[in-house]
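Summary of the model geometry
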Amino acid sequence: MIFYGLLGAVTIALACLVENRASCRAKAGGGMGMTRRQACSYAALFTLFLVLAGTAALRIDVGNDYGNYVNTFHEIYVGGYVVTEPGFNWLVRFLFLLSGGENYLLVFGLFAVVTAVIFLKAMYDQSVDFTLSFALFMLLGLYFRTFNTVRYYFVLAVTLYSLRYVLKREYGKFVLLILLAALFHKSVLVVIPLYLIAALPWKKWQVALGAAFAVSLPLFQGFWMKVVLWLYPSYQNTVYLQKETGLEGSLMGIIRCAAVLLLGLFAYQETIKENRANLFYFKLNLLGLALYTCASFLPLVSRFGYYLITAHVLLVPGILMGMPDEAPEPGGTSVLRLLKKGAGKKKKVMFLLTAAFCLLYFAYFLLTAHQEGVRVLPYHSWIFTEKEWLNGSFIF
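Residues numbered from 1 in each chain as written. Predicted model: local features only at pLDDT ≥ 70, side-chain atom pairs only at ≥ 80, totals over all residues. Heavy atoms only, no water.

Let us look at a nonpolar patch on the surface. Side chains of Val-215, Leu-219, Phe-220 and Phe-223 sit close together on the surface and give an oily, nonpolar patch of about 440 Å² of accessible area. Residue placement: Leu-219 occurs in helix H12 (residues 204-219). Classification of Leu-219 as exposed rests on a relative accessible area of 59%. (Patch = residues over 30% accessible without salt bridge, like charges linked within 9 Å, V, L, I, M, F, W, Y side chains within 5 Å. Areas by Shrake-Rupley, 256 points an atom, 1.4 Å probe, with all protein chains shown as cover. Salt bridge = Lys/Arg side-chain N within 4 Å of Asp/Glu carboxyl O. Helix = DSSP H or I, 4+ residues; strand = E, 2+ residues; numbered from the N terminus. Buried < 20%, exposed > 50% of the residue type's maximum accessible area, 1.4 Å probe, protein only.)

This is the structure in structure tokens:
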């Protein structure tokens, strides 16, 4: 826990040195060239990548499915039966061919690097304040959860990046990107209808129809379970169906969505109503809250929920930075301006409450990070151990 706490503190401090992309573009457009401030910003961003990718790539037996993935890699290599998608299978075979054997550390390392790059680029390009987005990325435990289910969190990063195409109404690029991601985890296909629904202007009759559909989920669980298993047959006859998620299992997702809902409603007129991006992310949060509360009986509902609520890392900064200041001040980082005298009182209160919530959430995550289903603690690195995980057992 100490290591993860220090990692979070150090990386968030580094993120404070990263200048927002909009500022960099404005200076470049003014013909200023690269300033010392910009050089420091890019160096900090690259250092963040090295720390995040390095920590994830150097891990061994960290994550609830690490051993299962090693077994899957082996079955792919020998031509056995696997339920993983063809793009993932092809990549594993290609990497094993390059390395001359079952080098599973290389596979985990590559996914660590690519996932970190996509998450960082999505936040840097699409957030109104990179520092706040990155802080949420760490404090909500999203980074540490990438140690689990490497296929899923890779495509989750892709979905966060794909939001730009929905907002630009470049739906062809959006669908193509999601179809490519589905070659690694087909559950990502669910975002095509969900993101497009959130992008539409909602009318009252549509909201009523959506609410009726949400209510039907817990009332007709058997029917909807059959639909899900028809769409995702690899869950059939697995341990996932034996686990009853329930509202208790979805509690943290519900709390997150409810907290963001309250934050959004508190500043709806100023930051959401006339802001297309924030309104889109806000609708995704509403869909996520409906999913967690009404479809908690579904196996691994959090996998579908995270496709909707990962946009929190973009929505929350959009709300906080969209609040008006009493006396706006030029220069400095946005996070520091929040605490200056010129920031509005309402803005300061919202920022402090958000910070307190995130710190408490991070503390809870660390206290439960060793449990089944998460198991990202304790952290082990193959640099400091002579053990290697192979086919379900430790060998020397």
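That was the structure; now back to the text.
Every buried residue of helix H11 (residues 191-199) is accounted for by Val-191, Ile-192, Tyr-195 and Ala-198. Seen end-on, H11 carries its buried residues on one side only, within an arc spanning 140°. Looking at the buried side of H11, the elements it contacts are helix H9 (150-167), helix H10 (171-181), helix H17 (276-294) and helix H18 (301-309). (Arc of directions from axis to C-beta. Contact = heavy atoms within 4.5 Å.)

Note that Gly-63 resides in the loop between helix H3 (36-57) and helix H4 (66-78). Among the residues examined, Gly-63 registers a relative accessible area of 0% and is labelled buried. C-alpha separation for the pair Gly-63 and Val-374, spaced 311 residues apart in sequence, amounts to 6.4 Å. Filtering out sequence-adjacent residues up to four positions away, Gly-63 remains in contact with Phe-147, Asn-148, Val-374, Arg-375 and Val-376.

Before going further, it helps to examine the nonpolar core. One broad trend across soluble globular proteins is that nonpolar side chains are buried collectively. Among the nonpolar cores identified, the biggest contains 124 residues, and Phe-130, Phe-134 and Tyr-195 are the most heavily contacted of them. If we skip the residues at most four places from it in the chain, Phe-134 touches Thr-11, Ile-12, Ala-15, Leu-48, Leu-52, Leu-120 and Met-123. (Core = buried A, V, L, I, M, F, W, Y, C linked by side-chain atoms within 4.5 Å.)

So, about the layout of surface pockets. Taken as a whole, the second largest pocket holds about 1,100 Å³ of empty space. Every residue lining the second largest pocket is counted, 32 residues in all, and those nearest its centre are Leu-194, Ile-197, Phe-213, Leu-287 and Leu-291. Of all elements in the fold, only H11, H12, helix H13 (221-231), H17 and H18 reach the threshold of two or more residues within the lining of the second largest pocket. When residues of the lining of the second largest pocket are assigned to their parent elements, the largest contribution, nine residues, is made by H12. In terms of residue class, the lining of the second largest pocket is made up of 28 nonpolar, three polar and one charged. (1 Å grid on protein atoms, 1.4 Å probe; cavity = no way out; pocket = protein on both sides within 12 Å on 5 of 7 lines; lining within 4 Å. Points joined across faces, edges and corners; volume = space filled by probe spheres on them. Nonpolar A, V, L, I, M, F, W, Y, C, P; charged D, E, K, R; others polar.)

It is worth spelling out the pattern of salt bridges at this point. Taken as a whole and judged by the stated rule, the model has six salt bridges. Salt-bridge contacts for Lys-121 lead to Asp-125; the nearest nitrogen and oxygen are separated by 2.8 Å. Taken as a pair, Lys-121 and Asp-125 lie in helix H6 (residues 104-126) at a separation of four residues, close to a single helical turn. Given the relative accessible area of 35%, Lys-121 is considered partly exposed. For Asp-125, a relative accessible area of 22% corresponds to the partly exposed category. A salt bridge links Asp-125 to Arg-164; the shortest N-O distance between them is 3.3 Å. In this pair, Asp-125 sits in helix H6 while Arg-164 sits in helix H9, placing the two residues 39 residues apart along the sequence. Among the residues examined, Arg-164 registers a relative accessible area of 13% and is labelled buried. One salt-bridge network, in which partners are shared between bridges, spans Lys-121, Asp-125 and Arg-164.

Within the secondary structure layout, Arg-256 lies in helix H15 (residues 251-266). With residues up to four places along the chain from it excluded, the contact list for Arg-256 reads Leu-140, Tyr-306, Ile-309, His-312, Phe-357 and Tyr-361.

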